[in-house]
Amino acid sequence: MKYARTSPFHPMQIPLGLVIWSLWFVLMYGGQAVVCTLAPPAPEQGVWNWLNAGLGLLTLAALGLLLGLAVHFWRLSRRSQLNERQVFVTKIAAGVHLIAALATLFVGIPLLQIPPCL
Amino acid sequence: MSRTSPRAAPATDADQLHDQFDEVWGNPRGWRALTIVNHTTIGLRFLVTGGVFFLVGGLLAMLIRTQLALPGYQLMEPDVYNQVFTMHGTVMMFLFAVPMMEGLAVYLIPKMIGARDLVFPRLSALGYFCYLFGGLILLSSILLDVAPKAGWFMYTPLSSQAHTPGVNSDFWLLGITFVEISAVSAGVELVVSILRTRTNGMTLHKMPLYAWYILVMAMMIVVGFPPLILGSILLELERAAGFPFFDPAGGGDPLLWQHLFWLFGHPEVYIIFLPGAGIVTTLIPVFCQRPLVGYRWVVLGVVTTGFISFGLWVHHMFTVGIPQLAQAFFSAASMLVAIPTGVQIFAWLATLWLGRPVYRVPMLWLVGFLLVFVAGGLTGVMLALVPFDWQVHDTHFVVAHMHYVLVGGMFFPLMAGLYYWLPHFSGRMPSEKLGRWGFWLVFIGFNLTFLIMHWTGLIGMPRRVYTYESGLGWDLPNLISSIGSFVMAIGVATILLDIVLHFRFGLPAPKNPWHADTLEWATSLPPSAYNFVSLPEVSERHPLWERPQLPDSIARGEHALTVIDHGRRETWGTDPLSGKVREIIHLPGNSWLPFIAALLLAVLCLSLLNKAYGLALGATLATLAVLLRWSWENGAHPAAAPDARTQPGEPPLHSRTFDGPGLWGMGVTLLANGALYLSLVFGWFYLWTVAPQWKVPAQALSGWPMLASGVLLGIGCLWLHRLVKRLRRGSHDTLLQNLAGLAALAFIQTALLLWQLLGAQLAPSETAHDAVVFVMLAYSIIHCGLAAVLTALQAWRVSYGYVGIEAPYEPIVVEQLWHYNLGVLWIGYAAMVLFPATWGGT
Amino acid sequence: MAREVANLWWAMLGFATLVWLAVGALWLYAMLRRPRPVSGEQAKRINRAWVIGGGVVLPSVSIAVLLAFGLPTGRGMLPLPLAGGPPLRIQVTGHQWWWEVRYPDAGVVTANQLILPVGRPVDIEVTSADVIHSFWVPRLGGKMDMIPGRTNLIRLEAAQAGVYRGQCAEFCGTQHAFMVLHVEALEDDGFSAWLARRQQRAPIQPAPGAAGELFETRCGQCHRVAGLSDGNRAPDLTDLATRPTLGAGAIANDHDGLRRWLREHQTLKHGNAMPRHDEVPDATLDQIAQWLETLAP
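Sequence order as written defines the numbering, with residues in each chain counted from 1. Going through the entries in the order they are written, you letter the chains from A and number the ligands from 1. A pLDDT threshold of at least 70 governs which residues receive local features in this predicted model, and a stricter bar of 80 or more applies before side-chain atom pairs are shown or counted, although totals over entire chains, interfaces and linings include all residues.

1. Comments concerning the overall build of chain A
Formally: Secondary structure elements follow DSSP: runs of H or I of four or more residues count as helices, runs of E of two or more count as strands, with numbering from the N terminus. To get the radius of gyration, use the C-alpha atoms; to get the globule rule, take the number of residues to the power 0.38 and multiply by 2.2 Å. Remark: C-beta atoms are placed from the backbone, and a residue is labelled buried if 20 or more other C-beta atoms sit within 10 Å of its own, exposed if 12 or fewer do, or partly exposed between those counts.
Helix and strand content of chain A: three helices and zero strands. Since a compact globule built from 118 residues should have a radius of gyration of about 13 Å, the 18 Å found for chain A marks it as more spread out than a globular shape. When the 118 residues of chain A are sorted by exposure, 39% land in the buried category.

Written out as structure tokens, the structure reads:
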């Protein structure tokens, strides 16, 4: 059986969560580097500056998206009429999204601790 | 033999069937053995060559430990010592670890997934010879006393012309790039083979976990190696032509090299570890005699590791002065790897918990693996912590950590695997006694060497010093390490002896000697060149446990694809997800072409080393000619598959469809190529933003010829797309004329780019800006030129009848390159013309 | 700061040892025990408990704890603005294979020795004149790479007076092993006196006779001696006699050491940038040595 790439049962969905995580990670690192070169916030502000805040919002958005998708795939995998292959793809996709969410959370924590450009 | 249904071939004489297969698949002897392309032979060659390089690397390690045994002791001059430790790292990483793991995968994967060979057998052979020649060139530098000496990660500016004026660094840059051709080509081939040639019915979620590990490893090679290949090209350009990519005075930045190197270097660690973990995952269920519980968990862990490992590279650069917040991102990401690794370790543990493991020599190595690797993983988590890393970075603590991870994660599983598959290679069983001695000597020697080394580093001994003074507290730990290393060396010698002896005295192996579950044990021992005389349908995860008679029925030819009077080497082409048969893939046979191409590449490498650029150009053109000739023997060519008739009920040959391994191979190769180009684009923006003395020339790049070229290429892509569409609808009128027209368009479009390059009055040896522009344009010119040549060849092939309505497959493969070129050209235009004119202007 | 990292290390070591022993013991026990056969459902449950407990929860909690302790430690090392005005600045430049040390605010230059005040944060600005080196005084804190074209900042504070050993940590070529930095932390008044002696020093007289001539035409091309020569490719020699070693740790700077160094420096530290000068008579070298011994403020 063939699935469209957008179908929740296409194996494309397996790495999707981590692809989202990777993009978010590149944005975090790249954004931080570019802003620190062009317009660094003053070190006196500590962690409460617009750069950390912006990156923090980005983190929350990514976290929300990943958790939402994880729940979505988990629910899908619990449906009764699925065949083995569909269960495999949806369960793995749910796991990958969850791990990606966890990874987003962990990598985002330092935003609360460290000022951006030092 | 029945011709009506291949499934129900009557049980004619099995030997007769094997003789027929041998005629098509068999290996020639003597000089013609150089033409062999079969994956079993190539895989074994990789393993043996890798083993020899391992011994060389080990010898270098002995030299290092001898020098450091006593304070102030000078066995070697400092410069010789520096060559020795550089080569130890280089040999172990590039000539041993990666090729060994790839070689094992090349040997095992087709057998495990029920195929007769890898999809691109000639590419396997090319890869092997590139590896062999590149390795020999690299090693020859030791004998000539001009070995690389800037450390195995070749940091600029130490490795650049000003500070290492001889050919030392060139040996590294050219030799390693040469070897990497082999790594990437094996990576491409493994990906496509795993996705497209699993035997009938083997769905993605039923394939052996080892194949998952190798799939992820191969994808990581495809994406992870190109940054280093690019870095090596740029550094070689800097050394040979003075392009200042890494020189701050010309607007470059030495840190760009570190980014490119570690963008490769960190994934590399997992490229080495994942196949090791794959061996562990394969062996544990066999020795427990029960399936691994948590198949999905392990897949989850492997995929996660593959991704996260690309987000860690900066943890090798915590002391270069990057803002601490950015370091913290990488620090947290580095620690995260503990989770997928933990998942795998506990899945193995759970399997051991539920099973009744048998204590044989491979199992001993697995216990050693766990103890050593977990220790290395734990120090790895410590190192991920930025303040701690600042303290121990570049000390012997890191040396100890990385040996725990690499020896633990790669060497111990490899040894387990070697003992496990030894009957497969030789048809004989390994001994239990000598094998145990070997294990214990290595295990004790290893820990003696490296456990204390953590302490040596903590009390302040930096790595890569050729000697040290007495009185700093470093004397005793170093002596202990040196003694340990000699114990380990004796252990390695014992293992070597054991293996050599077993070829002579080992007991003949019974069928499936470990009572394993995977298909590689369904071949004869040692296997024939075609693995399986008939290809079984497999819908279970543990075929040999559920159908113990499978090896016999396979050998009797009771399964599919048993007719071979057409003389083609065939295997199933299956759907990547469901494993349903889609087409018959016909594979090329033995050939001199790979050997000659590799030989010419070696000439290219040597002439670049000797700065004989005329000869280099000649070798490049000759290589190109050989490779094009190679591509000529395809489709309906007499040397490929002129007669497309198959048995009734069988699917068509892949060259008679619109899908086949070449399409996938091109796609995966372009993925690697794209990773290389994106690394270049990254370098451009990186230098633009952070290079300390970045200079933009007053005269901006006009970009008109490039724009015109881009538009023309876009038109060409549309044209080709319509052509392919028509072909798909079954019409090939004026195919020849259209292809010829397209080729002409591509030549014009390439010429426009050439005009852009020559007319821009670039000064690439003055500024990094112009140097990057030069490389980006040259990249597009080479690729567009290649597309032009390939399209012209397609037109020519149509006139021979090798391509056409009967064999419509190749234009689609070429079309992918066109689309790729279009993307590259426009990204380049945006980066080089649009970006500077807008945001980059400030 | 080094103390905090040491505490962090002992805590991590303790925890890691515990985890290692636990995993190892579990593994061995799992291999040795002889379980009753279990059903597929039970196997799944047991596996899930192991994988989630050991593979997901254990590492996640460990990482969270580690980050909770590690991040503040790292933040403590940031060169944040200080309440009492900017700290003392010292510029250290790496060369193959020696250290150039400048006190820009006092106008003092020295080489291969770094003198610090005790109990005060010091900002060290590091860079390199050739390849990448790394500034590292293990007992004072972490390391910071010295990269050509860039200047990095590392803040150190010596809690106690005394001698510390610094060493180049990034492989930098042939004599990477002999790129040692003598670091000494002095009490506040001792430090001021150290600087003052160098600032208010009487003009240096050239060496007498042939030695002086030779120094001016040869040595002085690369070495600086305040008031006499202006070379900048090799260590400043103005306060040479106060340094404990020659060749950045290659040999002790005493009577015999100095004379041996002048004769055999390419044997003692092969590959260093000072050319061989075997044709210079030993008597002249000894005169130069004698004069160099007077170069102390």
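2. Re the overall build of chain B
As a reminder of what qualifies: C-beta atoms are first placed from the backbone for all residues, and any pair lying within 7 Å is then listed as a contact.
The helix and strand inventory of chain B stands at 24 helices and two strands. Buried residues in chain B amount to 61% of all 842 residues. Counted over contacts in chain B with a minimum sequence separation of 6, partners at least 24 positions apart contribute 83%.

3. Points about the sheet that holds strand β9 (residues 162-167) of chain C
Residue and element names in this part refer to chain C. Let me state the cut-off plainly: Here, a strand pair is defined by DSSP locating no fewer than two bridges between the strands. Here the axes come from fitting lines to C-alpha atoms, over the contacting stretch only for helices, and the angles between their N-to-C directions go from 0 to 180 degrees.
Pairing within the open sheet is mixed, and its three strands lie in the order β4-β10-β9. The two strands at the open ends of the sheet, each matched to only one other strand, are β4 (113-117) and β9. Sheet twist, expressed as the average angle between the axes of neighbouring strands with direction ignored, equals 25°. On the sheet, helix α3 (residues 188-199) packs against β4 and β10 (180-186) and is oriented at approximately 135° with respect to β4.

4. Points about the interface of chain B and chain C
As a reminder of what qualifies: As a working rule, the residues Ala, Val, Leu, Ile, Met, Phe, Trp, Tyr, Cys and Pro are called nonpolar, Asp, Glu, Lys and Arg charged, and the rest polar, with Gly in that last group.
Across the boundary between the two partners, chain B contributes 63 residues, which contact 63 residues of chain C. Counting only elements with at least two residues in the side of chain B that touches chain C, the list comes to α3 (78-112), α7 (254-288), α9 (324-336), α10 (338-354), α11 (361-384) and α12 (386-392) of chain B. The leading source of residues in the side of chain B that touches chain C is α10(B), at 12 residues. Per-class residue counts for the side of chain B that touches chain C are 44 nonpolar, 13 polar and six charged.

5. With respect to the environment of C:Ser60
Within the element layout of this structure, C:Ser60 appears in helix α2 (residues 40-76). Taking the number of C-beta atoms within 10 Å as the measure of exposure, C:Ser60 has 18 and is therefore partly exposed. For C:Ser60 and C:Ala11, which are 49 residues apart along the polypeptide, the C-alpha to C-alpha distance reads 17 Å. Other than its neighbours up to four places away in sequence, C:Ser60 contacts A:Leu102 and B:Ile339.

6. Re the nonpolar core
Just so we agree on the cut-off: Any set of buried Ala, Val, Leu, Ile, Met, Phe, Trp, Tyr and Cys residues joined through C-beta atoms within 7 Å is what this text calls a nonpolar core.
With 398 residues, the main nonpolar core has B:Val191, B:Ile214 and B:Leu336 as its most contacted residues. Those residues in contact with B:Ile214, other than ones at most four positions away along the chain, are B:Ala105, B:Ile109, B:Leu190, B:Ile194, B:Pro275 and B:Gly278.

7. Some words on the pairing of strand β1 (residues 88-95) of chain C
All names here are of chain C. Pairing between β1 and strand β5 (residues 122-128): seven bridges, direction parallel. For Gln-91, the partnering residue across the bridge sits in β5 and is Glu-125. Relative to strand β2 (residues 98-103), β1 runs antiparallel, the two sharing five bridges. Across the sheet, His-95 pairs through a bridge with Trp-98, a residue of β2. Here β1 folds back onto β2, and the loop between the two strands holds two residues.

8. Some words on the interface of chain B and chain A
One frequent convention defines the size of an interface as the accessible area lost when the parts assemble. If you look at the interface, chain B gives 26 residues, while chain A gives 31 residues. Of the residues assigned to the side of chain B that touches chain A, the class counts are 18 nonpolar, seven polar and one charged.

9. Looking at the environment of B:His316
Residue and element names in this part refer to chain B. Mapped onto the elements of the fold, His-316 is located in the loop between α8 (295-308) and α9. Overall, His-316 belongs to the buried group, with 21 C-beta atoms counted inside 10 Å. Residues His-316 and Ile-214, spaced 102 residues apart in sequence, show a C-alpha to C-alpha distance of 25 Å. The residues contacting His-316, other than those within four sequence positions of it, are Trp-262, Gly-265 and His-266.

10. Observations concerning the pairing of β10(C)
Each regular strand displays side chains that alternate between the two surfaces of the sheet. Residues and elements named next belong to chain C. Burial analysis of β10 places five of its seven residues in the buried class, the great majority of the element. Two elements, β4 and β10, share five bridges in a ladder whose sense is parallel. In the strand pairing of β10, Leu-114 is matched with Val-183.

11. Description of the domain arrangement of chain B
Cut-off, in case you're wondering: An automatic or database domain assignment is the source of the domain bounds shown.
Examined at the domain level, chain B breaks down into domain 1 (34-505), domain 2 (592-632) and domain 3 (695-841). Each of domain 2 of chain B and domain 3 of chain B has a C-alpha centre, and the two are 24 Å apart.

12. Thoughts on α2(C)
Formally: A helix is expected to span 1.5 Å for every residue after the first. What we call the bend at a residue is the angle made by axes fitted to the seven residues finishing there and the seven residues starting there.
Given a rise of 1.5 Å per residue, 37 residues ought to cover 54 Å, and the 53 Å separating the end C-alpha atoms of α2(C) matches this to within 8%. The sharpest bend along α2(C) reaches about 30° and sits at C:Val57, with the proline C:Pro59 one to four residues further on.

13. Brief notes about the sheet that holds β1(C)
Backbone hydrogen bonds hold the strands of a sheet together, and the pairing may be parallel or antiparallel. All names here are of chain C. Taken in spatial order, the five strands line up as β3-β2-β1-β5-β8 in an open sheet, and their pairing is mixed. Each end of this open sheet is capped by a strand with a single partner; those strands are β3 (108-111) and β8 (152-156). Strand-to-strand twist of the sheet, defined as the mean angle between neighbouring strand axes without regard to direction, takes the value 25°. Across four bridges, β2 lies against β3 in antiparallel orientation.

14. Considering the packing of helix α2 (residues 39-68) of chain B against helix α4 (residues 121-143) of chain B
A pair of packed helices is captured by two measures, namely the crossing angle of their axes and the spacing between those axes. All names here are of chain B. To keep it simple, the criterion reads: Small angles under 35 degrees read as roughly parallel and large ones over 145 as roughly antiparallel, with 65 to 115 read as roughly perpendicular and the rest as oblique. Note on convention: near helix rotated counterclockwise from far helix by under a right angle means a left-handed crossing. Clockwise means right-handed.
Between α2 and α4, the least distance of the axes is 10 Å, while the angle of their chain directions is 15°. Classified by the angle their axes make, α2 and α4 are roughly parallel. The two elements α2 and α4 cross, and the hand of that crossing is left-handed. Here His-39, Ile-42, Arg-45, Phe-46, Thr-49, Phe-53 and Val-56 of α2 come into contact with α4, specifically with Pro-121, Ser-124, Ala-125, Tyr-128, Tyr-131, Leu-132, Gly-135 and Leu-139.

15. Considerations on the environment of B:Ile284
Residue and element names in this part refer to chain B. Assignment of secondary structure puts Ile-284 in helix α7. Take Ile-284: there are 22 C-beta atoms within 10 Å of it, and that puts it in the buried class. Placed 79 residues apart in sequence, Ile-284 and Met-363 show a C-alpha to C-alpha distance of 7.7 Å. Those residues in contact with Ile-284 that lie beyond four places of it in its chain are Leu-292, Trp-348, Thr-351, Leu-352 and Leu-366.

16. A short note on unusual backbone geometry
For the bond running from B:Thr156 to B:Pro157, omega is 0°, close enough to zero to count as cis. Of note, the bond from C:Gln96 into C:Trp97 is cis; its omega dihedral lies within 30 degrees of zero at -5°. Residue placement: C:Trp97 occurs in the loop between β1 and β2. Notably, B:Asp145 is not glycine yet its phi reads approximately 60°, a positive angle. Along the chain, the position of B:Asp145 falls in the loop between α4 and α5 (168-196). By C-beta crowding, B:Asp145 is classed as exposed, having 11 other C-beta atoms within 10 Å.

17. Focus: the confidence of the model for chain B
Cut-off, in case you're wondering: Confidence of the predictor in every single residue is expressed as pLDDT, which spans 0 to 100.
In this model, chain B carries a mean pLDDT of 93, and residues with pLDDT of at least 70 account for 98%. Throughout residues 1-11 of chain B the model reports pLDDT below 50, and contacts reaching past four residues in sequence, or to other chains, amount to 22 contacts.

18. Overview of the confidence of the model for chain A
Here chain A averages 88 in pLDDT, while 98% of its residues score no lower than 70. Averaged pLDDT values for the elements of chain A fall to 89 in helix α3 (residues 84-108) of chain A and rise to 93 in helix α2 (residues 50-78) of chain A.

19. Overview of the packing of helix α5 (residues 255-268) of chain C against helix α6 (residues 282-292) of chain C
Residue and element names in this part refer to chain C. Look at α5 against α6: their axes get within 9 Å of each other, and the N-to-C directions meet at 135°. Between α5 and α6, the angle falls in the class oblique. As for the relative orientation of α5 and α6, their crossing is right-handed in sense. In contact with Leu-258, Arg-259, Leu-262 and Arg-263 of α5, α6 contributes Leu-285, Asp-286, Ile-288, Ala-289 and Leu-292. Of the residues belonging to the contact of α5 with α6, the class tally is six nonpolar, no polar and three charged.

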